[in-house]
Amino acid sequence: MQKAVEPFTQAELVGHVLSHEKFLAGSPGGRRMILPMVDLTGLAMPRRNLADADLSGASMRGCDLSGTILDRAMLFGSDLRGSNLAGASLSRADLRGAVLCGADLSDADLTDADFRPGQIAAHSALGFVAVSQRQRAGMPDGISSRIRADVNTAFATDFSDATLRGAKMNGAKMKSANFTSALLEEADFTSANLENADFTNAVLSGAQLMGSTTHDAIMDRVVHAPSADALARRPALLEALAGHQVWCLTNGKQGGAAQVEGADLRVVGDALAAGQLTGLQAPGACFVRLNLEGAFLQAANLEGADLRGANLRGADLRGARLTGANLARADLRGAILTHMEIGGRTTATDLTGARFSYADCRGAQLSPGQLDLADAAEARFDKAA
């Protein structure tokens, strides 16, 4: 019986990277990187040249591949969940069946890359068996290192909750790809094959789809750029929010509490950073990528609000209602989410059903058991949390 694959160390990986770069340069001692089904979880390879490397089925969850050259690389069925591929070059790379949930592909070059459905099949005593997309951290006992592509049990490439802001995907093969809840602002899909792709709840503001094939693509609840009506409402929103801050600072003696339910607050830009917004009524509002750093949002009603990618670093959210809010990929470093104590009474911070997928929560203050009813499985916390 073969034991499960042991994770690589950073030193071991560096040795393979250096050898591969020698191979590309034609230098003595060089050797092409061929590491199928290995476990590279959490390791770093930033700004290296891994063109033509074979990492089929590898577990590279949480890896730092920022600025790395992966042109024509074999990444078939690889697990790149939560990895940093910002600015990476993946031109003509084979990413069929890859898992890229929560990955950062901002400004990456994915020109002519292949993201069609695919699956890894491995050899066992029972013959070739399909390996789940989620089983990338090491092969189970009894399965050999021999692998092949299995198109009969193919999975679509998964970009759910990923960031592809400004990514270039010209001519990419993305049939049936899953882009649910992905952040795709300014992404270039020119001439890409997006047939049957799922864009449910994706942010597509400024995305370029000219010449792309979108037959049977799912576009439910897609978030586009602010509408003309939202832009026209900007002066009134700014006035209401300014009045709310005066209301907070004067203990309700001046100004007035703002009611911005369902508003597209992206139009106000950085006006809310460090703002006095205690008690703000903004259920269902759109805060996508807004700068709310240091904002005072105690007892605010943010039920069902879209806070994906928002900067909430150091924000005070004590007693806020975040039921069903979407905080995927939000920056919550140092944010205060504990329950609020006023005059001996406790006002709970309600996180029931809130999504924290791939959010950065390092240093955030939380009350015990507070995340029990929230979706925080892929959020990043301090090691001690």
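It should be emphasised that the depicted structure is a prediction, and the values quoted were computed from it without experimental measurement.

Conventions we followed
- Residue indices follow the written sequence of each chain, beginning from 1 at its first position.
- Where local features are concerned, this predicted model is filtered to residues with pLDDT of at least 70; where side-chain atom pairs are given and counted, the filter is 80 or more; whole-chain, interface and lining totals use all residues.
- Side-chain measures here rest on the full set of heavy atoms in the structure, leaving out hydrogens and waters.
- In this description a helix means any DSSP run of H or I spanning at least four residues, a strand means any run of E spanning at least two, and both kinds are numbered starting from the N terminus.
- Note on exposure labels: buried denotes an accessible area under 20% of the residue type's maximum, exposed denotes more than 50%, and partly exposed covers the range between, all computed with a 1.4 Å probe on protein chains only.
- Residues are treated as being in contact if the distance between any of their heavy atoms lies within 4.5 Å.
- Note on areas: Shrake-Rupley, 1.4 Å probe, and residue coverage restricted to the protein chains presented here.
- Lining residues are defined by having an atom within 4 Å of a point belonging to a cavity or pocket. Those points lie on a 1 Å grid over the protein atoms alone, cavities being sets where a 1.4 Å probe fits but cannot get out and pockets being open sets with protein on both sides within 12 Å along at least five of seven lines.
- Grid points are joined across faces, edges and corners, and a volume is the space filled by probe spheres set on the points.
- Residues are grouped as follows: Ala, Val, Leu, Ile, Met, Phe, Trp, Tyr, Cys and Pro are nonpolar; Asp, Glu, Lys and Arg are charged; all remaining types, including Gly, are polar.
- Multiplying 1.5 Å by the helix residue count minus one yields the expected span of that helix.
- An arc is given here, and it is the one of the directions from the helix axis to the C-beta atoms.
- In these notes, a set of buried Ala, Val, Leu, Ile, Met, Phe, Trp, Tyr and Cys residues joined through side-chain atoms within 4.5 Å is what counts as a nonpolar core.
- Only centres within 6.5 Å qualify two rings of Phe, Tyr or Trp (six-membered ring in Trp) as a pair; their planes then separate them into stacked at under 30 degrees, edge-to-face at over 60, and tilted for everything else.

Draft legend 1. Main features of the overall build of the protein. Counting its regular elements, the protein contains three helices and five strands. Traced from its N-terminal end to its C-terminal end, the protein shows the element sequence α-β-β-β-α-α-β-β. Looking at the 385 residues of the protein, the share that counts as buried comes to 48%. Contacts in the protein between residues at least 24 apart in sequence constitute 35% of all its contacts with a sequence separation of at least 6. Of the roughly 16700 Å² that the protein leaves accessible, carbon and sulfur atoms contribute 49%.

Draft legend 2. Inspection of the layout of surface pockets at higher detail. Size it by volume and the largest pocket reaches roughly 700 Å³. Every residue lining the largest pocket is counted, 31 residues in all, and those nearest its centre are Gly82, Arg329, Tyr358, Asp360 and Arg380. Split by residue class, the lining of the largest pocket holds ten nonpolar, nine polar and twelve charged. Reported here for the second largest pocket is a volume of approximately 160 Å³. Every residue lining the second largest pocket is listed: Arg165, Glu185, Glu186, Val203, Ser205, Gly206, Ala225, Pro226, Arg266, Val288 and Arg289. Residues that form the lining of the second largest pocket fall into these classes: four nonpolar, two polar and five charged.

Draft legend 3. Helix α3 (residues 234–249), seen in detail. Taking 1.5 Å of rise per residue, 16 residues should cover 22 Å, and α3 covers 23 Å from first to last C-alpha, within 8% of that figure. Those residues of α3 that fall on the buried side of the exposure criterion are Leu237, Leu241, Gly243, His244 and Cys248. Relative to the axis of α3, the buried residues are bounded by an arc of 160° and lie together on one face. Relative to its buried face, α3 has exposed residues pointing more than 90 degrees away, namely Pro235, Glu239 and Leu249. Looking at the residues trailing α3, positive phi occurs at Asn251, about 55°.

Draft legend 4. Focus on the nonpolar core. Counting 53 residues, the largest nonpolar core has Phe179 and Phe189 as the members making the most contacts within it. Residues contacting Phe189, with those up to four places away along its chain left out, are Met169, Met174, Phe179, Leu184, Leu194, Phe199, Leu204, Gln208, Leu209 and Ser212. With 44 residues, the next largest nonpolar core counts Phe287, Ala315, Ala374 and Ala379 among its residues.

Draft legend 5. Molecular detail of the packing of aromatic side chains. Here the structure, examined in full by the defined rule, presents five aromatic pairs. Centroid distance Phe179 to Phe189: 5.7 Å. Interplanar angle 85°. Geometry classified as edge-to-face. Here Phe179 is found in the loop between β3 (147–149) and α2 (228–232), whereas its partner Phe189 is found in the loop between β3 and α2, with ten residues between them in sequence. Like Phe179, the residue Phe189 is buried in the burial classification. Note on Phe189 and Phe199: the rings are 6.0 Å apart at their centroids and 85° apart in plane angle, and the pair reads as edge-to-face. Taken together, the residues Phe189 in the loop between β3 and α2 and Phe199 in the loop between β3 and α2 connect sequence positions ten residues apart. Its relative accessible area of 0% is what places Phe189 among the buried residues. Through a chain of ring-to-ring contacts, the aromatic side chains of Phe115, Phe159, Phe179, Phe189 and Phe199 assemble into a single cluster.

Draft legend 6. Quick peek at the environment of Ala258. Tracing the backbone through its elements, the reader meets Ala258 in the loop between α3 and β4 (340–342). Residue classification places Ala258 among the buried residues on the basis of a relative accessible area of 3%. Residues Ala258 and Leu277 lie 19 residues apart in sequence; the distance between their C-alpha atoms is 8.8 Å.

Draft legend 7. Unusual backbone geometry, seen in detail. If you check the backbone angles, Asp107 has positive phi at about 60° while not being a glycine. Summarising the element assignment, Asp107 is placed in the loop between α1 (10–25) and β1 (120–124). Its relative accessible area of 56% is what places Asp107 among the exposed residues. At Glu186, a residue that is not glycine, the phi angle is positive and equals roughly 60°. Along the chain, Glu186 turns up in the loop between β3 and α2.

Taken by themselves, the reported measurements are silent on function.
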